[in-house]
Amino acid sequence: MAGGRRGRTVANWLINLIARGFVGSMLALPYRWRVPLAGWLMARVVGPLAGYSRRARASLALALPELPEPERRRLARASLDNAGRAVIESYSGAEFLAHLGGQVPIGPGMQALRDALAAGRPTLLVSGHIGNYDAFRGALANSGLRIGALYRPANNPWVNVHYVRAMSGIATPLFARGREGLGAMIRFLRGGGVLGVLFDQHPPSGVVLRFFGRPTLTTLSVAELALKYNALVVPIYALRRADGLHFDLVTEAPIAHAAPEAMMQALSDSLEARVRANPGQWLWAHKRWRLDAAETSAGTEAAAEAPPRRL
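About the cut-offs
Residues numbered from 1 in each chain as written. Predicted model: local features only at pLDDT ≥ 70, side-chain atom pairs only at ≥ 80, totals over all residues. Heavy atoms only, no water. Helix = DSSP H or I, 4+ residues; strand = E, 2+ residues; numbered from the N terminus. Buried < 20%, exposed > 50% of the residue type's maximum accessible area, 1.4 Å probe, protein only. Salt bridge = Lys/Arg side-chain N within 4 Å of Asp/Glu carboxyl O. Pairing = 2+ DSSP bridges. Axes fitted to C-alpha atoms, helices over the stretch in contact; angles between N-to-C directions. Phe/Tyr/Trp six-rings, centres within 6.5 Å; stacked < 30°, edge-to-face > 60°. Lys NZ or Arg CZ within 6 Å of the ring centre and 35° of its normal.

**Digging into the environment of Ser 168**
Here's step 1: Residue placement: Ser 168 occurs in helix α8 (residues 157–168).
Here's step 2: A residue is classified by how much of its surface remains accessible, and Ser 168, at 32% relative accessible area, is partly exposed.

**Considering the pattern of salt bridges**
Here's step 1: Counting across every chain of the model gives 11 salt bridges.
Here's step 2: The salt bridge involving Asp 81 is made with Arg 85; its shortest N-O contact spans 2.6 Å. Of this pair, Asp 81 and Arg 85 are both found in helix α4 (residues 69–91), 4 residues apart, which corresponds to roughly one turn of the helix. Of the two residues, Asp 81 and Arg 85, both sit in the buried class.
Here's step 3: Among the ionic pairs, Arg 241 bridges to Asp 248, the shortest N-O distance being 2.9 Å.
Here's step 4: By relative accessible area, which is 37% here, Arg 241 ends up partly exposed.
Here's step 5: One salt-bridge network, held together by shared partners, links Arg 57, Glu 69, Arg 72 and Arg 73.

**Concerning the sheet that holds strand β8 (residues 247–251)**
Here's step 1: The 6 strands are arranged β3-β2-β4-β1-β7-β8 in an open sheet whose pairing can be described as mixed. The strands lining the two open edges of the sheet, one partner per strand, are β3 (174–176) and β8. Adjacent strand axes in the sheet meet at a mean angle of 25° when their direction is disregarded.

**Points about the packing of aromatic side chains**
Here's step 1: Enumeration over the complete set of coordinates arrives at 11 aromatic pairs.
Here's step 2: Ring centres of Phe 212 and Trp 289 lie 6.3 Å apart, and the angle between their planes is 80°; this geometry places the pair in the edge-to-face category. Separated by 77 residues along the polypeptide, Phe 212 in the loop between β5 (207–211) and β6 (214–218) and Trp 289 in the loop between α11 (260–277) and α12 (293–305) bring together distant segments of the chain.
Here's step 3: Residue Phe 212 is classed as buried on the basis of its relative accessible area of 6%.
Here's step 4: In textbook terms, an aromatic cluster arises when at least three aromatic residues are bridged by ring pairs, as seen for Phe 211, Phe 212, Trp 282, Trp 284 and Trp 289.
Here's step 5: Of note, Arg 8 hangs over the ring of Trp 158, and the distance from its end group to the ring centre comes to 5.3 Å.

What follows is the structure, encoded as structure tokens:
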């Protein structure tokens with residue numbers, strides 16, 4: 001269990017010491033300098049040393065095999081640069097919120113969100129690890145909306161302490177994955193709450209759907225929550241602009257209630273389109289495709305023709 005005795009190792013203590021030192025030194029710099037510097041260090045130093053660069057290139061080779069190797073290397077660096085920027089932005093708390101100012105998301109999902117709020121209907125704002133998802137949380141919090149978030153606790157218990165503190169500085173409430181957190185989250189939703197959810201990491205269980213034309217294990221939990229509590233489901237994205245410091249906050253039309261597999265495929269398709277348009281902003285270092293060799297080799301045809309399979 002994250003934060004439990006298993007994670008209290010000397011290695012994790014040292015990792016936390018390095019992480020705190022890195023964050024502290026970055027926060028000592030002016031905001032306009034710290035964000036690009038954190039991105040550069042992640043892309044050019046931390047990423048290669050930690051193996052993230054290699055993992056990002058491997059994911060790019062699976063999803064976009066048509067790209068030449070130099071372009072995959074460029075996108076891997078851009079992805080890690082974005083990740084470094086996002087981390088220090090989220091740790092910047094009040095400065096990050098001030099930088100967002102009065103910006104609010106645009107797009108068809110916003111009117112649907114307003115209608116749901118007026119009706120007391122719960123809403124799931126669904127995104128992935130692209131751009132900086134804390135930007136839409138922060139912008140909506142700046143506008144006066146109480147927006148919750150479901151998160152996975154860090155495996156390192158010492159890191160988890162300041163990780164949760166940083167997320168809480170953007171918006172609250174926060175709900176940790178686990179029995180207690182999920183119970184509080186459900187009470188929040190049933191009361192008409194608005195919850196931010198990310199769904200694009202490899203889950204412990206789910207169904208095999210398609211992402212970039214490849215069979216990919218995908219959680220059904222977002223769709224199942226929506227159906228059980230009649231929640232609105234709105235895709236939302238905070239996409240980094242060319243200046244590296246500002247964002248386009250966009251919503252899409254709500255996902256219609258249907259079979260959970262169909263809803264999650266629609267969300268996967270939405271995210272894929274955004275990643276294809278902004279490939280340097282998605283977290284390619286995450287091992288999104290982890291099916292065994294036989295399943296993976298089946299490729300697009302098997303994933304498209306076979307019904308979703310629960311694992």
